[in-house]
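Chain and residue survey
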Amino acid sequence: MTIEDRDDAHLITHALATDTLSRLRDVETEQVAFRKGLVKLGRICGYEIIDGAMETEYVPVETPLAETTGERVKGLDDVVIINVLRAATPFVEGLLKAFPRAKQGVISAGRDEEAGMTADGEFPITIDYVKLPEIRPEDTVIVADPMLATGSTMVAVLDHVLDEADEFEDLFVLSAVSAPAGLVRVSEAVPEADLLTVAIDDRLDDDGFIVPGLGDAGDRAFRTV
């Protein structure tokens, strides 16, 4: 099994996921390779969600030679993926390779860096744009953001998601790299969410950045540094 339970999260330990993340961390990885790496990591994580969290059903299949029984994944058409702009865009592109028929939503959210981090480790969050599809009771909802640092942005995003969703099958928060403090904040604020991450890093620095982390995923993916 390549999803392991940790105290406040589920850790994706698939060898290709950890290999891809190691390449993303490397300061020498340039923009194109970084974006492609986020796409690849999103695809791998999508497959891991399918394998670890979605049910299958037996179905009759007629081959060219005989009738037999096959097995198919249930609920692949009942998925909503929410892109936390902007860093999650290539990450979500990869998820869509695993869930090509998923409905998509976008939330543009960012922390106020100038205001700085408060004493309790939070940032003021600005939500600029929200566009979500209908979320039905049978839907699996995946909220994707490569970096889960203080958790302030994710909590604000999840507040909007829960305002739109009276009921859902599962709610996943998916990240590539997470800080322990952020995982605790999100799990306490939204206990119904399952937190999935490829790595739980050591800490946050004084500016609220994940250490060792991988830098600013948005800046590296879109070459805005």
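Thresholds applied
- Residues numbered from 1 in each chain as written.
- Predicted model: local features only at pLDDT ≥ 70, side-chain atom pairs only at ≥ 80, totals over all residues.
- Heavy atoms only, no water.
- UniProt positions renumbered as here; feature names shortened; annotations may be inferred.
- 1 Å grid on protein atoms, 1.4 Å probe; cavity = no way out; pocket = protein on both sides within 12 Å on 5 of 7 lines; lining within 4 Å.
- Contact = heavy atoms within 4.5 Å.
- Helix = DSSP H or I, 4+ residues; strand = E, 2+ residues; numbered from the N terminus.
- Buried < 20%, exposed > 50% of the residue type's maximum accessible area, 1.4 Å probe, protein only.
- Axes fitted to C-alpha atoms, helices over the stretch in contact; angles between N-to-C directions.
- Parallel < 35°, antiparallel > 145°, perpendicular 65-115°, else oblique.
- Left-handed = near helix turned anticlockwise from the far one by under 90°.
- Nonpolar A, V, L, I, M, F, W, Y, C, P; charged D, E, K, R; others polar.

What about the UniProt feature "binding site: 5-phospho-alpha-D-ribose 1-diphosphate" (unreviewed entry) in the chain?
Residues annotated in UniProt with the feature "binding site: 5-phospho-alpha-D-ribose 1-diphosphate" (unreviewed entry) correspond here to Arg86, Arg111, Asp145, Pro146, Met147, Leu148, Ala149, Thr150, Gly151, Ser152, Thr153 and Asp216. Filtering the just-named annotated residues for those lining the largest pocket gives Arg86, Arg111, Asp145, Met147, Leu148, Ala149, Thr150, Gly151, Ser152, Thr153 and Asp216. Contacts of Arg86, omitting those with residues within four sequence positions, involve Asp216, Gly218, Asp219, Phe222 and Thr224. Examined against the element boundaries, Met147 turns out to sit in strand S9 (residues 147–148). Leave out the neighbours within four places in its chain, and Met147 touches Val177, Ile210, Leu214, Gly215 and Ala217.

Some words on the environment of Asp159
Mapped onto the elements of the fold, Asp159 is located in helix H4 (residues 152–164). Distance from Asp159 to Val190, taken between C-alpha atoms, is 8.5 Å for residues 31 residues apart in sequence.

Comments concerning the UniProt feature "binding site: GTP" (unreviewed entry) in the chain
Residues annotated by UniProt as "binding site: GTP" (unreviewed entry) correspond here to Lys36, Gly37, Leu38, Val39 and Lys40. For Leu38, the location among the structural elements is in helix H2 (residues 31–53). For Leu38, a relative accessible area of 0% puts it in the buried group. Once you skip the residues sitting within four places of it in the chain, Leu38 turns out to touch Leu24, Ala87, Pro90, Phe91, Pro146 and Ala221. Assignment of secondary structure puts Lys40 in helix H2. Among the residues examined, Lys40 registers a relative accessible area of 30% and is labelled partly exposed.

Examining the environment of Glu167
Looking at the secondary structure, you find Glu167 in the loop between H4 and strand S10 (170–178). Discounting chain neighbours no more than four positions away, the residues touching Glu167 are Ile135, Arg136 and Pro137.

A few points about the packing of helix H1 (residues 15–25) against H2
It is the contact of H1 with H2, at a shortest axis distance of 9 Å, that shows an interaxial angle of 160°. Judged on the interaxial angle alone, H2 and H1 are roughly antiparallel. Here H1 runs over H2; the crossing is left-handed. Counting all contacts with H1, which are made through Leu16, Ala17, Thr20 and Leu24, the residues of H2 involved are Phe34, Gly37, Leu38, Lys40, Leu41 and Ile44. Residues belonging to the contact of H1 with H2 are distributed by class as follows: 7 nonpolar, 2 polar and 1 charged.

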